[in-house]
Structure formats: structure tokens, C-alpha cells
Amino acid sequence: MTNDNPDASRTAYYEQIGRQRMTPLWESLHSLVPKAPRPKTLPAIWKYAQVRDLVMRAGSLISAEEAVRRVLVLENPGLPGKSSMTPNLYAGLQLILPGEIAPSHRHTQSALRFIVEGKGAWTAVNGERTTMHPGDFIITPSWTWHDHGNPSLKEGGEPVVWLDGLDIPLVAHMDAGFAENYSETTQPISRPEGDSFARFGHNMGPVRHRVSDPTSPIFSYPYTRSREALDALYRNGELDEWDGVKLRYVNPATGGWPMPGIATFMQYLPAGFKGRAYRSTDATIYCVVEGKGTVRIGDDEFLFEPHDVFIAPSWAPVRLSASVESVLFSYSDRPVLAALNLLREERS
Ligand code: 1HN
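All values reported here derive from a predicted model rather than from experimental measurement.

A closer look at the overall build of the chain
Check the secondary structure of the chain and you find eight helices and 20 strands. The globule rule puts the C-alpha radius of gyration for 348 residues at 20 Å, and the 23 Å found for the chain is close to it. For the chain, the proportion of contacts with a sequence separation of at least 24, taken over those separated by at least 6, is 74%. Entry remark: accessible area of the chain is about 18,000 Å², with carbon and sulfur atoms responsible for 53%.

This is the structure in C-alpha cells:
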């Protein structure tokens, strides 16, 4: 083979190696090993004022029973068709109406619920129910039976909306997804409501408890507690120039994260707060609980209000400002990055 036309001879060669299912690394090396993350994930916000009606309308189009889970998936505009908010995480808004039940099932994907609107619905996890209130953070760890329900209108039920966060894309990437339905609509209840919180939610624990798995024995983290902690710290003078007052949710038995693959946080920004720029390799999904402000994510700027959901991709600088006192919930795949020694943070 002569080399008077390298392009043509390379093309012919690439075809030949392609037939043997080989490709030339030298054509893709730069994009395979970028100097810094180049996320496809885009900064974006879902304004609750614009999507609330659409969520509610799903309630008259399909029952929770028929849908199994009546959820509008929040899809990152940079990851179309992937039902993903970030490369590893999923987000969706779920609606359950009075009198409805979302039937019991389990899967290897871990799930969190962050209650957005409405109260009184319940979720059952591993034999115990917990009642939902706005701002509560609830976990359904990998392979735990879970069903949701809402009291009837007569019993005072009201529509309840929550944000679902799952590691669906991560588990799909790992080819590690398993799922099954429970034989009945709801799982049997073996412990009264509040049992696990009494055992583990008060800086105490059962005397002979042995840690047997990395998942938190508490599955509901009530907003009243989280809010009071942030408030007390702020009153005591705590205020970080990047985060405001920010705490992470913990597994009280280990000090680790509530679930092994998903990190969750809540932060308080006082009125007038103008945060400095922060970036990290864990793409983070935020849900606004209270307040009003702006967030700069890379070159985008969004106004945020209660119940809005926004996404900060990996390594995009995030700058939070609050015009009135604000509270933000957030979640990310930080434990996965940390386990692989891939977590980088920069506060500038
Ligand atoms: C799921 O099981 C729930 O249990 C919500 O509420 C959203 C999205 C994909 C796969 C399973 C739930 C889900 C999900």
C-alpha cells in the first residue's frame, strides 16, 4: 500500500479493522480522556408554577393503579430520551390522589422521596408506614418493598406531590436492575408508625444493634427536625460564604449517607445571601422548599421559587443568592464518586 494519500489509505484501513470489530484509539483519545468533564447534562430549571397544573391533570387521565406510579419524569434537555436528570440519577414528580394506592413492589434501584406539596399520604417501607408532610425526606433503599397510599377524601385526604430521585441510569449502566411485584397491593405492616424513628432518630440506638447493611434504619427524615437544625445553627452565627448553612442527611447507625449511592443535603440561605461560586464533580439536583432567589449555573441564571427543581451539572460553577430566607433540598451521586476517588470540589 502506497502512502501518497494518507486519508484514503487510513479510511480503507479503518474499514478493514472495523470488520474485525476494532477501532483506532488515536482518533478518539482526546474525547475519551478529556482534560476536564464535558457534561452532556445541561443546567435547567422546572418552574413549579408552570408544571403544577400538568402534574394535577395527570390525575384525571390515569389512576395510580393503572399507572403503577403516576409520575412525570423530569428529563434533562441534554440527555433526551434517557429518562435521566444526570448521567447517574433520575428525577420525577409523582402525584397520588385521595383514596389511591400505588401497589407494592421492590427493585434494586434506590429511591428517595422529597415531599413537595400536600400532606397525609403515606409510604410503607419494610413493614412500617410513615405519613408525608411537605419538606420530609423519605428513603426506599435498594430491594425494599414499598407502596404508597392516600386516605380517602372523607378521611381528609388531599392530593400529594413529591419529587422522586432514583439511581436508575447508574443501575442501568451497571446492568444490575432487578424488580418484582408484591403478591398483594400493600405489604403487611409489622411495626407501628414511628417505630424506627424512636429507635434511631434521637441520637440513641438499640443496645444490641449490629450494623448489617449500609442503609439507614431511619426511612423518614421529617422537615420539622431539619428546619430546626438549620435555624438553630444560623441563630448561632453559622454562615458559610458558599453554602449558607448546609447539613447533610446521615445514617445514624454509621454516620454515612442514608443510602449507599445517593447523597442528600438541606441548606438555609438568609435573606440577602449572595453565595460565592462552588463546583464539584457530583451533578446535583435541587428542590426549593421555601424562599426566593437566583441561582447561576455556568452561564445560565435562573430565578427560583418554592417547589422549583433545578440541576447543576458536574463541574459547572454554582452561585446561590436569596432575596428572602430560603431553604433548598439537594441530592447527588457523591458517594459513588467518592468511592471511586473521583470527587473533586472547588470553592472560588
Ligand atoms: C418507583 O418505584 C417509584 O416507587 C417512583 O414510587 C418512580 C421510577 C422508575 C422506576 C421505579 C415509586 C420510579 C420507580
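Observations regarding the sheet that holds strand S12 (residues 220-221)
The strand order across the open sheet built from six strands is S2-S3-S10-S5-S8-S12, with neighbouring strands paired in antiparallel fashion. In this open sheet, the two strands that pair with only one neighbour each are strand S2 (71-73) and S12. Across the face of the sheet, helix H3 (residues 48-61) comes into contact with S2, strand S3 (90-96), strand S5 (111-117) and strand S10 (160-166) while running at roughly 55 degrees to S3.

Things to note about the environment of arginine 225
Mapping arginine 225 onto the fold places it in helix H7 (residues 223-235). Overall, the relative accessible area of 42% leaves arginine 225 in the partly exposed class. Remark: the alpha-carbon pair of arginine 225 and aspartate 136, spanning 89 residues in sequence, is separated by 9.3 Å. A polar contact is formed between the side chain of arginine 225 and the side chain of histidine 202, at a distance of 3.5 Å.

Things to note about the sheet that holds strand S7 (residues 128-131)
Across the sheet, five strands lie side by side as S7-S6-S9-S4-S11; this open sheet has antiparallel pairing. Edge positions in the sheet fall to S7 and strand S11 (179-181), since each of these pairs with one other strand and no more. Recorded for the sheet is a direction-independent mean angle of 25 degrees between the axes of neighbouring strands. Here strand S6 (residues 122-125) pairs with strand S9 (residues 146-149) via four bridges, running antiparallel. The residue bridging threonine 123 from the neighbouring strand is histidine 148, located in S9.

Focus: the pattern of salt bridges
Two side chains with opposite charge may pair up if their charged atoms get near one another. Enumeration according to the criterion identifies 22 salt bridges in this entry. Salt-bridge contacts for lysine 47 lead to glutamate 305; the nearest nitrogen and oxygen are separated by 3.3 Å. Taken as a pair, lysine 47 in the loop between strand S1 (44-46) and H3 and glutamate 305 in the loop between strand S17 (300-304) and strand S18 (309-312) lie far apart in primary sequence, 258 residues in all. Looking at lysine 47, the relative accessible area reads 17%, which means it is buried. Exposure remark for glutamate 305: the relative accessible area of 29% places this residue in the partly exposed category. Residue glutamate 345 pairs with arginine 334 through a salt bridge whose shortest N-O separation is 3.6 Å. A residue pair is termed long-range when its members are at least 10 positions apart, and glutamate 345 in strand S20 (residues 345-347) and arginine 334 in helix H8 (residues 334-339) qualify at 11 residues. In this structure arginine 334 comes out as buried when scored by relative accessible area, which is 13%. Here the salt bridges do not stand alone but share partners, grouping Arg227, Glu228, Asp231, Arg235, Glu290 and Glu325 into one network.

Rules of the game
Residues numbered from 1 in each chain as written. Predicted model: local features only at pLDDT ≥ 70, side-chain atom pairs only at ≥ 80, totals over all residues. Heavy atoms only, no water. Helix = DSSP H or I, 4+ residues; strand = E, 2+ residues; numbered from the N terminus. Rg over C-alpha atoms; globule rule 2.2 N^0.38 Å. Contact = heavy atoms within 4.5 Å. Areas by Shrake-Rupley, 256 points an atom, 1.4 Å probe, with all protein chains shown as cover. Pairing = 2+ DSSP bridges. Axes fitted to C-alpha atoms, helices over the stretch in contact; angles between N-to-C directions. Buried < 20%, exposed > 50% of the residue type's maximum accessible area, 1.4 Å probe, protein only. Polar contact = N/O pair within 3.5 Å; in protein donor to acceptor, adjacent residues only side chain to side chain. Salt bridge = Lys/Arg side-chain N within 4 Å of Asp/Glu carboxyl O.

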